[in-house]
Amino acid sequence: MERKTRIILALDVSDREEALKIAEDVSEFVDAIKVGYPLVLATGLEIIRELAEFAPIIADFKVADIPNTNRLICEQVFEVGADAVIVQGFTGRDSLDACIEVASEYRKDVFVVSEMSHPGGAEFLQPVGEAIARMAAEAGASGLVAPATRPERVKKIREIVGDKLTIISPGVGAQGGRASNAIAAGADWVIVGRSIYKAELPKKAASEIAAEIEAELRRE
Ligand code: XMP
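Attention now moves to the overall build of the chain. Helices and strands together make up the secondary structure of the chain, namely 10 helices and 8 strands. In terms of principal-axis extent, the alpha carbons of the chain reach across some 45 × 40 × 30 Å. Relative to its 220 residues, the chain shows a buried fraction of 51%. Counting contacts in the chain only where the partners sit at least 6 residues apart, residues at least 24 apart contribute 66% of the total. Accessible area of the chain: about 10000 Å², with a carbon and sulfur share of 48%. Across the chain, the 26 positively charged side chains and the 36 negatively charged ones have centroids separated by 5 Å.

Neighbouring residues of the ligand: 18 residues in total, closest Asp-12, Lys-34, Ser-117, Gly-193 and Arg-194. The separation between an oxygen atom of the ligand and a polar side-chain atom of Lys-34 is 2.6 Å. About the coverage of the ligand: the protein hides 89% of its 510 Å² of free accessible area. When contributions to the shell around the ligand are tallied by element, the ones reaching two or more residues are β3 (57-63) and β8 (189-192). Looking at side-chain class alone, the shell around the ligand contains 9 nonpolar, 3 polar and 6 charged residues.

The topology assignment puts Gly-140 in the loop between α6 (126-139) and β6 (143-145). Judged by relative accessible area, which is 46%, Gly-140 ranks as partly exposed.

Attention now moves to the pattern of salt bridges. Per the counting criterion, the structure on display carries 19 salt bridges. Between Arg-16 and Glu-17 there is a salt bridge; the shortest N-O distance is 2.7 Å. The exposure class assigned to Arg-16 is partly exposed, which follows from its relative accessible area of 35%. Salt-bridge contacts for Arg-16 lead to Glu-50; the nearest nitrogen and oxygen are separated by 2.6 Å. One end of the pair, Arg-16, is in helix α1 (residues 16-26); the other, Glu-50, is in helix α3 (residues 47-51), with 34 residues separating them in the sequence. On the basis of relative accessible area, Glu-50 is assigned to the partly exposed category, the value being 26%.

Right, let's get into the pairing of strand β2 (residues 32-36). Judged by how many residues are buried, β2 sits mostly within the fold: 5 of 5 residues are covered. Side chains Ala-32, Lys-34 and Gly-36 of β2 all project onto a buried face; the interleaved residues Ile-33 and Val-35 project onto the opposite face, where all are buried too. With 3 bridges joining them, strand β1 (residues 7-10) and β2 adopt parallel strand pairing. Bridge assignment links Ala-10 to a residue of β2, and that residue is Lys-34. For the crossover from β1 across α1 to β2, the handedness is right-handed.

Helix length check: helix α4 (residues 67-79), at 13 residues, gives a terminal C-alpha distance of 18 Å against a target of 18 Å (1.5 Å per residue), a fit within 8%. Within the sequence span of α4, burial applies to Asn-70, Cys-74, Val-77 and Phe-78. Summarising the axial view, the buried residues of α4 lie within an arc of 90 degrees, below the 170-degree limit, and thus occupy one face. Where the residues of α4 are buried, they touch β3, β4 (84-88), α5 (93-106) and β5 (109-113). A positive phi of about 110 degrees marks Gly-81, the residue just after α4.

What counts, and at which threshold
- Residues numbered from 1 in each chain as written.
- Predicted model: local features only at pLDDT ≥ 70, side-chain atom pairs only at ≥ 80, totals over all residues.
- Heavy atoms only, no water.
- Helix = DSSP H or I, 4+ residues; strand = E, 2+ residues; numbered from the N terminus.
- Buried < 20%, exposed > 50% of the residue type's maximum accessible area, 1.4 Å probe, protein only.
- Contact = heavy atoms within 4.5 Å.
- Areas by Shrake-Rupley, 256 points an atom, 1.4 Å probe, with all protein chains shown as cover.
- Lys, Arg positive; Asp, Glu negative; His and termini not counted.
- Charge placed at Lys NZ, Arg CZ, Asp CG, Glu CD.
- Near = heavy atom within 4 Å.
- Polar contact = N/O pair within 3.5 Å; in protein donor to acceptor, adjacent residues only side chain to side chain.
- Nonpolar A, V, L, I, M, F, W, Y, C, P; charged D, E, K, R; others polar.
- Salt bridge = Lys/Arg side-chain N within 4 Å of Asp/Glu carboxyl O.
- Pairing = 2+ DSSP bridges.
- Right-handed = clockwise from strand over helix to strand, strands pointing away.
- Expected span 1.5 Å × (residues − 1).
- Arc of directions from axis to C-beta.

So, in structure tokens, the structure goes:
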């Protein structure tokens, strides 16, 4: 993934044509597209291959199973052309290792969820988020998913993993986080869904967030 705008589009629409249209429209302002259950369950896994024409694809399946099942899931994801997969860390080191093994066979990336961006993310996951971040670093994951809704947590995770891992950060816009704050706290990329795909003019919305991030990076 090349760092240009530092935006990852979360494309959570459920219509194939709409997904392809938005992807093409905003492609100059996003560095990657995150595809998850809403779009894949509605249209099929092949949508990943189609969208990969516009940007690198991060498959957000929050993989959270036993090692063998994780392995089978990751193989499907990379076979269809995804560049990265998002997996849960709470299932433990062996489950994570299985994902990382498959990813390295395909020369792809694994991002590990340490703590989630919604209010409930603070209930059970947050207390173990730092341990998950340390495990992800030791296991050789490419990066972590940390909440833009809590920039102080992004900062903490960055302190833990140093420059070794990439941090991608959801929760910007609709969930209340600000792109510039997440980047200032140490995120490499922000993940933005509704604020772009539900905007009247998605391209304009993406360009405005890109400009906000650019201003923050100039300030640093
Ligand atoms: P919105 O519309 O809120 O979409 O901008 C955010 C996207 O990111 C996903 N999401 C998360 N994924 N850890 C994750 O791995 C998180 O903490 C998290 N919070 C939001 C969400 O599913 C949507 O696609």
